[in-house]
Structures are given as structure tokens and as C-alpha cells.
Amino acid sequence: MGLKATFYRAGKLLVRPLFGCVARVRVVGGENTNCSGGFLLAANHISHFDPFLISLAVRRKIDWMAMAEFFRLPIVGLALRAVDTFPAERDRADRKTIRTAIERLKDGRIVGLFPEGGIRDGVRSLLEGAPLRPGASTLAHMAGVPILPCVILGTDRFYSAKGWLPLRRTPVWIAFGKPISHSPELEKFRARERIESELADAFKNLYAELRQTFQLTADDLPHPPRERMKARRHPLRRASAKTVDSLLCASLNLLHTRHRLNGHSREEMERYLVACEQFTPQEYYATPDDGDSSSELGTSLARVFSDGCANVAWRSPVNTVFAANNIAHAEFFPCTQGPTAPTVFLLHSLMSTKPVGYRRCAQRFNELGWSACLLHLPYHFSRVPRGYWNGELAITCDLVRNAEGLRQGVIELRQLIAGLRAHGCRDFGVLATSYGGWIGALLATVESDLRFVALMGPIVNIEHAIWASPAARLIRRELNRANIEASLVARHFHLSSPLHCQPVCDPARVLFVTGEFDSIAPAGEIEAIQQKWRGSELLRVQQGHFGHRMMRETIARLKQRGDL
């Protein structure tokens, strides 16, 4: 405790002059923080700078709860633990976190948290009446301590370069309310209900007080970080994104050296194209009757809803030369509403290393009342043939195998949709990344019953993907060596290139998400298909093809649209 308190004080000494030069902080109700004993400090959250400025405004030491994701970065995690910050999972209740918080509160310390569960603005913010998460009231009641509400405004301006100009002195406003009792005289349920109600009212009142006292304008109020940053250039972020994309492109090209075309490749390609040219997308991606409850897939789905089994496996209707790839596999995460709940399909990117992040995402959808299904796309995870890397065979210079892999993915998704319909599900959504976005876009060309289709960095223009993408240099070399020219490949675009197709679902349900620094699925290609699919929406995210910002911002936008 003594050493960590010293680190905390040293940290404040370092941070105070920094923000003292660039911020002008005005505090209302600061005397409310001087109460003795333990209490829970609950604040709204509009930027990553909030805990620093709130800590400077409170004389006593605050033990902050921080997102568990930060602690997975070794240096950041070490620094956070050095000042008594402890991890909390945003999407689930963690007993260890709860126990740690209660112990510290009972020990007379201040525990700080953001009950919104993340950075929020507008209608998503509790300042505008968004529902409050129950965690703060639960902790206060269990520990027997009051809650001190705090509203902070202005820190989102530090996402802009202008906010750091020393002479500008960006204004920040902080208001602390009166402590809210943990209502020991009431039974647990009613006590938590009262605490939540009083806390929600306190946030609204403090927000109104700041606006009235300081005559705040619309620009002073919270804005999304991306809106604050949109006029700002990001040379470091752009360089970082380009570096990551370049390294991964180099890795893909190195992997492609393991694959060569044979002397009959052009003839095989021509035979395949002659057979496919007569098909429409509906015919090419047609499914067998697997919606029947007596089918192999129907039986597996029935087992999911009866005993909560998470895995569904069935024989793929598209047969390949690799036995492992011929068994379709999906991880199913049913929510508590049962088989009639809407279902979102999570489609991963090419060569995704682990499905852990998608499983966490599935849990978030479960909390929103959606069941979730993670389909193992062809040649990935459980479907990787022995001797190959995860996803290695999905995209190579063997364009026929590539096309059949896409066909597999789309047909298996349609089988799942048919099977779920047979069990009472009527609403479906798609959340897809990169290679999964390619398959998700093709699904939208044959399935009309989709509530939303969110495509993050999808491969939409196959002409660019083959003949211009930096990830396909070795593929181009092999195609040229086999005399497979662009005009020959283009004969399959009406079936495999989303830019050359039209959706059968309502385009207004389609959300395209592009990375502004993406060199693999460039923003220009995503813009082109968004304009062709009239009525669809385009969301820009400041990252390259590979990054973690896109998933978070996409889900936030789906909530804003009312899709979730």
C-alpha cells in the first residue's frame, strides 16, 4: 500500500504540470470529495483522459477500475497495477473484481469506476438518459458505502491536436454531487433500485448544473472521439497502419510461395468457368434441404436449443479434396430468449489466429438479446487439413479452390439460416471482417431476410484483390506464369465479386466499414460498392486493414442505427 501510494503521488506530480499547461479545470462541488471513509466514485466517461483529471481534482487517492484489455499490454498493465488500478471485464461480472472492490471500499479507500462500461456520448450516454448499468449500485450496497456521482465535460477535446496547445488552455468542467446512501434499511433489491434511480437523477442534475453555470455551447458538450479527430491528420497512426499492413502482406506473399500452379491450370480454370457462366448467384449458392428438422444440421440445432450445446457440425454440401474441410463447423451461443431470438453470424477474417475475440463478441450480443453463431469458414480452425496453416488454403493462386471456398461459406450460412428458421428464428444479422466480409457481402446477394449486414474491411472488388493488392504479388506471378489473364478471371465476377453484383436484401440494411489507411481493401473500393448498393451506409475508421478499432465502432454504430 505504501509503495503504491508513493507511485500514485509521483504520478500526480508528473501529470499535474502537463495538464496544467494545456487545460483550465473548473470544479463544482469539490468539497463533497473530502468526506472520510470509503466510498465509490462513479463518473460519466467521455475520453481516456477522464481518470487523470478527476484524480487531480480529488485530494485523496483513487483506486480505479480499468478495462481488462489494458492489463494485457505488459508495460501498461505494470504501470496500472503500480498505482492500485485493477482490471474489470466490461461484458461480464467478474467475482475477483467485485471482491477486490469490496475489500478496498471496506478498508476505507475510494474506488473509481465508469458505470457506462466505456466511452459514451449522445444518446448512448447516461447524461442523455441512457440506462445505467447495475454494477455501481450492487458494489455500494454490498460494501455498505455511499456513491459519489461525478460529471466531467471537455476532456474529449484532447483527441484533437488543438486541445494540446499550451496557450489555448482547453476548458474542462468537473462537478461532484452529494454522496448517495447505500440504503441499509432496505432489502437488497429495493436498495439497489433506489441507488440506481438517485444516481441517474444525480448525473442529469449535475450535467444541467454545469451547462447552466458555465453557459456551455454545443461544442463544449461530449462528441464522439472520431468526430473530434476527423479534421486532424494522423501521420503516426497512418504510418503505423501501413507498417502493420505491409508486414502482414509480406507474410501472406511468403506463404504463397508454398503454392504453385501446374501445367493444366489454365485448362482447369476454363472448364470451371464454362460450367459456372450459366449460373445465377441463386443457382450457384443454392442449398440442399437442410432446413428440415430431420436433417443432420436440423438435429444438431435442436440439440443446441435443448441442452445448450455450443458446437454444431455437419457434412458440407460442397465436397473438396481435403477431408477436414468437408465438415462444416459452427460455434453457437444461444441467448436466454431461446430459439426464436434473433441470430447474428460472426464471420472471421482470413487466417484469424484465435476465435477468442469473436466469442467475447458473442457474449456481448447475448446480453443484447441476440443469439450468436461463429461459423468456421473453409480451411480455418477445425477445418484446417494436416500440414497447413490456419486459413492458408482459403486464398492462393488456385482460383478454382478459392471460388469453391467462397461457395462453401455462403451455402453453409444459408443452411444455418434455413435450419434456424425451422426452429422459429426470423431475424438474422451478419457481422463480418475482411475475408468473412467478402462472404457476408455475397450472402447479401442471395438472402433477403437480413436485419443488418455489417461488413468491416470486406474484399469487394476481386479485380483489385487479384491484380493490384500488395497481398497478392505471388498470386499474380503464378497466374501470369500459367497464362491466366484478367479477362479470363473476370468471367466469374458475376458470382464472386460483390462489386459486380447487387444485393437482394434492402441496401439500407448494409453497413460498409472501411479503414482510412487500408491498403488491402482500400477505402476507394469500399466507397465504390457503397455508391453502387444505393441506400447502404459507409462508416470510416482510422486504422489499416488490420486493427481493433473497427469492431468497437461498428457495434456502436449498429446500436445507434437501432439494428441491435
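Residues numbered from 1 in each chain as written. Predicted model: local features only at pLDDT ≥ 70, side-chain atom pairs only at ≥ 80, totals over all residues. Heavy atoms only, no water.

The next point concerns empty space enclosed by the protein. In total, this model carries two cavities of 30 Å³ or more according to the counting rule given. By volume, the largest cavity is sized at about 50 Å³. As for the largest cavity, its lining consists of Pro458, Ile459, Val460, Asn461, His464, Ala465, Ile520, Ala521, Pro522, Glu525 and Ile526. Counting residues per element, the ones that place at least two in the lining of the largest cavity are helix H16 (462–467) and helix H20 (523–532). Residues that form the lining of the largest cavity fall into these classes: eight nonpolar, two polar and one charged. One number sums up the size of the second largest cavity: a volume of about 40 Å³. Together, Leu252, Leu255, His256, Leu350, Met351, Gly391, Glu392 and Ile395 line the second largest cavity. (1 Å grid on protein atoms, 1.4 Å probe; cavity = no way out; pocket = protein on both sides within 12 Å on 5 of 7 lines; lining within 4 Å. Points joined across faces, edges and corners; volume = space filled by probe spheres on them. Helix = DSSP H or I, 4+ residues; strand = E, 2+ residues; numbered from the N terminus. Nonpolar A, V, L, I, M, F, W, Y, C, P; charged D, E, K, R; others polar.)

For the rest of this paragraph, the subject is helix H13 (residues 356–367). Compared with the 16 Å implied by 1.5 Å per residue over twelve residues, the 17 Å span of H13 between its first and last C-alpha is a close match. Listed as buried for H13 are Tyr358, Cys361, Ala362 and Phe365. In a view along the axis of H13, the buried residues occupy a sector of 105°, so they form one face of it. On the buried face of H13, the contacting elements are strand S9 (327–333), strand S10 (343–347), strand S11 (371–376), strand S12 (428–433), strand S13 (452–456) and helix H21 (549–561). In the stretch just after H13, Gly369 is the one whose phi turns positive, near 90°. (Expected span 1.5 Å × (residues − 1). Buried < 20%, exposed > 50% of the residue type's maximum accessible area, 1.4 Å probe, protein only. Arc of directions from axis to C-beta. Contact = heavy atoms within 4.5 Å.)

Right, let's get into the packing of aromatic side chains. By convention here, two paired aromatic rings are described through the distance between centres and the angle between planes. Scanning the model with the defined rule gives 16 aromatic pairs in all. Taken together, a centroid distance of 5.6 Å and an interplanar angle of 75° make the contact between Phe19 and Phe158 edge-to-face. Taken together, the positions of Phe19 in helix H1 (residues 2–22) and Phe158 in the loop between strand S6 (147–153) and strand S7 (170–176) put the pair 139 residues apart, joining distant regions of the chain. Side by side, Phe19 and Phe158 carry an identical accessibility label, which is buried. (Phe/Tyr/Trp six-rings, centres within 6.5 Å; stacked < 30°, edge-to-face > 60°.)

Summary statistics for the protein give a mean pLDDT of 90 and a share of 96% for residues scoring 70 or more. Taken element by element, the predicted model of the protein shows its lowest mean pLDDT in helix H8 (residues 225–229) (71) and its highest in helix H15 (residues 435–444) (98). This model gives residues 290–294 a pLDDT under 50, and the stretch forms 13 contacts once residues within four places in sequence are excluded. (pLDDT = per-residue confidence, 0-100.)

Now for the pattern of salt bridges. The tally for this structure, following the rule as stated, stands at 29 salt bridges. Arg266 is paired through a salt bridge with Glu485; the nearest N and O atoms lie 2.6 Å apart. Of the two residues, Arg266 is situated in helix H10 (residues 265–276) and Glu485 in the loop between helix H17 (473–481) and helix H18 (486–489); the sequence distance between them amounts to 219 residues. The exposure class assigned to Glu485 is partly exposed, which follows from its relative accessible area of 32%. One salt bridge in this structure joins Arg407 and Glu404, with 3.1 Å as the shortest N-O distance. Here Arg407 and its partner Glu404 are both found in helix H14 (residues 399–422), three residues apart, which amounts to about one turn of the helix. (Salt bridge = Lys/Arg side-chain N within 4 Å of Asp/Glu carboxyl O.)

Quick look at the sheet that holds strand S14 (residues 510–515) now. Strand order across the open sheet formed by eight strands is S8-S9-S11-S10-S12-S13-S14-S15, with mixed pairing between neighbours. Whereas interior strands pair on both sides, the edge strands pair on one side only; in this sheet they are strand S8 (311–315) and strand S15 (537–541). Between one strand axis and the next, the sheet turns by 20° as a mean value, whatever way the strands run. As defined by bridge partners, S8 adjoins S9 across five bridges and the pair is classed as antiparallel. Across the sheet, the residue bridging to Trp314 is Ala328, located in S9. Docked against the sheet, H13 engages S9, S10, S11, S12 and S13, running at close to 165° with respect to S10. Contacting S8, S9, S10, S11 and S12, H14 crosses the sheet at an angle of about 165° to S10. (Pairing = 2+ DSSP bridges. Axes fitted to C-alpha atoms, helices over the stretch in contact; angles between N-to-C directions.)

Another point: the packing of H10 against H14. At a minimum axis distance of 9 Å, the contact between H10 and H14 shows a crossing angle of 35°. When H10 is examined against H14, the residues Glu268, Met269 and Tyr272 are found in contact with a partner set consisting of Leu399, Val400, Ala403 and Glu404. Here the contact of H10 with H14 is built from residues that sort into five nonpolar, no polar and two charged.

Spatially, the seven strands line up as an open sheet ordered S1-S7-S6-S2-S5-S3-S4, and their pairing is mixed. The strands lining the two open edges of the sheet, one partner per strand, are strand S1 (23–28) and strand S4 (86–88). Ignoring which end each strand starts from, the neighbouring axes of this sheet average 25° apart. When strand S2 (residues 39–43) meets S6, the two strands line up parallel, connected through four bridges. Each bridged residue has a counterpart across the sheet, and for Leu40 the counterpart in S6 is Ile147.

Once that is clear, we can look at the state of the cysteines. Counted according to the given criterion, the structure contains zero disulfides. Cys150 supplies the cysteine sulfur nearest to Cys35, a cysteine that is in no disulfide, at a spacing of 13 Å. Among the residues examined, Cys35 registers a relative accessible area of 25% and is labelled partly exposed. (Disulfide = S-S within 2.5 Å.)

Of note, the phi angle at Tyr379 is positive, near 70°, even though the residue is not glycine. Residue position: Tyr379 is located in the loop between S11 and H14. In this structure, Phe381 takes a positive phi of about 55° despite not being glycine. Positionally, Phe381 belongs in the loop between S11 and H14. Note on Phe381: relative accessible area 18%, which makes it buried.

Further remarks concern H20. Ala523, Glu525, Ile526, Ile529 and Gln530 are the residues of H20 that are buried. Projected down its long axis, H20 shows its buried positions confined to an angular sector of 160°, all on one face.

Within the largest apolar cluster, 77 residues are counted, with the highest numbers of intra-cluster contacts made by Phe345 and Leu347. Among the elements that line this core, the one with the most residues is H14, at nine residues. Dropping the residues within four chain positions of it, Leu347 is found in contact with Tyr358, Leu375, Leu377, Leu413, Val430, Leu431, Ala432, Thr433, Gly436, Ile439 and Gly440. In terms of nonpolar packing, the next biggest core, distinct from the first, is built from 34 residues, Ala101, Leu113, Leu127 and Ile195 among them. (Core = buried A, V, L, I, M, F, W, Y, C linked by side-chain atoms within 4.5 Å.)

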